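Here is what each chain is made of, one letter per residue.
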Amino acid sequence: MIPLIIDTGRGRKYMYVSLSNIYKNYGDFQASKDVSLSIEKGNLVALLGPSGSGKTTILRMIAGLETPDRGDICINGTRVNDVAPADRGIGFLFQSYALFRYMTVFDNIAFGLTVKKVAKEEIRRRVTELIELIGLSGLEDRYPSQLSGGQRQRVAFARALAPNPEVLLLDEPFAAIDAKVKEELRMWLRNTIQQIGITTIFVTHDQEEALEMADQIVVTNKGRIEQVGTPQEIYCNPETPFVAKFLGKSSVVEGYDVLKGFQKIDNVKEALIRPEYISIHPQGSLHRYRSVVELGHIEHILFKGNRLEVTVRIGELVLVANHTIDGHAFKVGDAVDVLISRICIYDETDTYLVENEGMNTSSLFYI
Ligand code: ATP
């Protein structure tokens, strides 16, 4: 088969992994429903969705660990539905590092090559190169129990890379790692993957992880793909109500038309308001856009390290806003000026960003 070249709207791209109209059932349960997806060579792609939305099923079908009931999976232009997992040129990394406890770092990384009966000298060369890549030179004789969680995950990563796969699949690679190490490991993994240029697909239910790391995010819900796009596209221009609700921390409000500067739109009952669309100011201090400033009262303040999350009540509506830690020091009970710059409204299928009419001339964007 010919490799797929697709015009993505940002130029013609070489699609390395593609799934066309994939269906997968477990008994009566539909785990994948008409999944179609094309992944560009060298991209780092996140499959993001809630638990049970079918992310791992997609990953396992690409790996060949599950067989689709219908549809085609192609890697590098070749249909691989009937190709054994070991012959697909894929490296797989699971969330639990699954290192061999009684093997050293060196032997763990060498494992796939030893099984393939690669020459000893070549194994030594490749493993040494990989140990350098993961920054663990000098630790090759340690056992997994003598490593930190982050180091173990790096070893597992090197082991998956050892046979030189064309595609790397990672299933919740940071799930078993504590917060601080996770952050470092994410950046390290992103940089290393970019450096090697390997096409990588990882599963996560952590939106921060997907937004921070991925070139492309695929949002899954109930076995279907809701949206595919760059982190910015997915976050700023959600195409479906599900994506709008799933990403970011939004307040869901009914009766959004009581807010100044927003009108009721036919058949649209609810709106989402992201914390970054709301600014709060000391009462009476906001002179610009005075006609659309709301009076609110602070109900709750949460310290989030680099920002404050402030819950503010405007009449019957309760909204969550972001506030900088070096801004005005509010306290619970304070009366405040609240400015809402935009809201996201949605009907059954579409979402719309509506700008506050008192702040802007053009108010409705179809997205
Ligand atoms: P999680 O984040 O919890 O791992 P996920 O989005 O990766 O979820 P999948 O693991 O793909 O979801 O599972 C999708 C659905 O298919 C789930 O409801 C799951 O219970 C079901 N499922 C997965 N594997 C099997 C199986 N082997 N037999 C029966 N049902 C399965």
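Structural data are supplied above this passage.
Definitions and limits used
Residues numbered from 1 in each chain as written. Predicted model: local features only at pLDDT ≥ 70, side-chain atom pairs only at ≥ 80, totals over all residues. Heavy atoms only, no water. Helix = DSSP H or I, 4+ residues; strand = E, 2+ residues; numbered from the N terminus. Buried < 20%, exposed > 50% of the residue type's maximum accessible area, 1.4 Å probe, protein only. Phe/Tyr/Trp six-rings, centres within 6.5 Å; stacked < 30°, edge-to-face > 60°. Lys NZ or Arg CZ within 6 Å of the ring centre and 35° of its normal. Axes fitted to C-alpha atoms, helices over the stretch in contact; angles between N-to-C directions. Parallel < 35°, antiparallel > 145°, perpendicular 65-115°, else oblique. Left-handed = near helix turned anticlockwise from the far one by under 90°. Contact = heavy atoms within 4.5 Å. Salt bridge = Lys/Arg side-chain N within 4 Å of Asp/Glu carboxyl O. Core = buried A, V, L, I, M, F, W, Y, C linked by side-chain atoms within 4.5 Å. Expected span 1.5 Å × (residues − 1). Pairing = 2+ DSSP bridges.

### Re unusual backbone geometry
For residues that are not glycine, phi is negative in most cases, and the peptide bond is trans in most cases.
Line of reasoning, step 1. Non-glycine residue Asn76 carries a positive phi angle of around 50 degrees.
Line of reasoning, step 2. Here Asn76 lies in the loop between β5 (70-75) and β6 (78-79).
Line of reasoning, step 3. On the basis of relative accessibility, which here comes to 33%, the residue Asn76 falls in the partly exposed class.
Line of reasoning, step 4. Non-glycine residue Tyr289 carries a positive phi angle of around 55 degrees.
Line of reasoning, step 5. Residue Tyr289 is classed as partly exposed on the basis of its relative accessible area, which comes to 25%.

### Some words on the packing of aromatic side chains
Line of reasoning, step 1. Scanning the model with the defined rule gives three aromatic pairs in all.
Line of reasoning, step 2. With a centroid separation of 4.6 Å and 50 degrees between ring planes, the pair formed by Phe100 and Phe111 is classed as tilted. One end of the pair, Phe100, is in the loop between β7 (90-93) and α2 (105-115); the other, Phe111, is in helix α2, and eleven residues separate them in sequence.
Line of reasoning, step 3. The class of Phe100 is partly exposed, set by a relative accessible area of 32%.
Line of reasoning, step 4. Considering the side-chain rings of Phe157 and Trp188, the 5.3 Å spacing of their centres and the 75 degrees angle between planes classify their relative orientation as edge-to-face. Residue Phe157 is located in helix α4 (residues 149-161), and its partner Trp188 is located in helix α5 (residues 179-196); the two are separated by 31 residues in the primary sequence.
Line of reasoning, step 5. Using a relative accessible area of 1% as the deciding quantity, one classes Phe157 as buried.
Line of reasoning, step 6. Looking at Arg70, its charged tip hangs above the ring of Tyr23, at a distance of 4.2 Å from the centre.
Line of reasoning, step 7. Over the aromatic face of Tyr235 sits the side chain of Arg274, whose NZ or CZ is 4.2 Å from the ring centroid.

### A word on the packing of α2 against α4
Line of reasoning, step 1. It is at 7 Å that the axes of α2 and α4 come closest, and there the two elements cross at 30 degrees. Relative to α4, the element α2 lies roughly parallel. The handedness of the crossing between α2 and α4 is right-handed. When α2 is examined against α4, the residues Val105, Asn108, Ile109 and Phe111 are found in contact with a partner set consisting of Val155, Ala158 and Arg159.

### A closer look at the pattern of salt bridges
Line of reasoning, step 1. Counted by the stated rule, this structure contains 19 salt bridges.
Line of reasoning, step 2. Put simply, Asp82 and Arg79 hold a salt bridge, and the shortest N to O gap is 3.4 Å.
Line of reasoning, step 3. Residue classification places Asp82 among the exposed residues on the basis of a relative accessible area of 70%.
Line of reasoning, step 4. For Arg186, the salt bridge identified is with Glu209, shortest N-O distance 3.4 Å. Taken together, the residues Arg186 in helix α5 and Glu209 in helix α6 (residues 207-213) connect sequence positions 23 residues apart.
Line of reasoning, step 5. Taking the relative accessible area as the measure of exposure, Arg186 reaches 3% and is therefore buried.
Line of reasoning, step 6. Via salt bridges that share partners, Arg186, Asp206, Glu208, Glu209 and Glu212 belong to a single interconnected network.

### Some words on the nonpolar core
Line of reasoning, step 1. The biggest cluster of nonpolar side chains holds 44 residues, and the ones touching the most others in it are Ile109, Val127, Ile134, Val155, Phe157, Leu189 and Ile217.
Line of reasoning, step 2. Per-element tally for this core: the top contributor is α4, with six residues.
Line of reasoning, step 3. Excluding anything up to four places from it in sequence, Leu189 contacts Phe157, Leu170, Phe174 and Met213.
Line of reasoning, step 4. Core analysis: the second largest hydrophobic core is formed by 31 residues, Val312, Val336, Cys344 and Leu353 among them.

### A word on α5
Line of reasoning, step 1. End to end, α5 covers 26 Å across 18 residues, agreeing with the expected 26 Å (1.5 Å per residue, within 8%).
Line of reasoning, step 2. Three or more residues of α5 are buried, namely Lys182, Leu185, Arg186, Trp188, Leu189, Arg190, Thr192 and Ile193.
Line of reasoning, step 3. The secondary structure elements touched by the buried residues of α5 are β4 (44-48), α3 (120-133), α4, β8 (167-171), β9 (199-204) and α6.

### Describing the pairing of strand β16 (residues 308-314)
Line of reasoning, step 1. Across the seven residues that make up β16, a large majority, six, are buried.
Line of reasoning, step 2. Between strand β15 (residues 294-303) and β16, which pair antiparallel one after the other, the connecting turn spans four residues, and Gly305 there sits at a positive phi close to 85 degrees.
Line of reasoning, step 3. The pairing of β16 with strand β17 (residues 317-323) spans seven bridges and is classified as antiparallel. Residue pairing in the sheet places Glu309 in a bridge with Asn322 of β17.
Line of reasoning, step 4. Where β16 folds back onto β17 in an antiparallel hairpin, the turn is made up of two residues, including Gly315, whose phi is positive at roughly 60 degrees.

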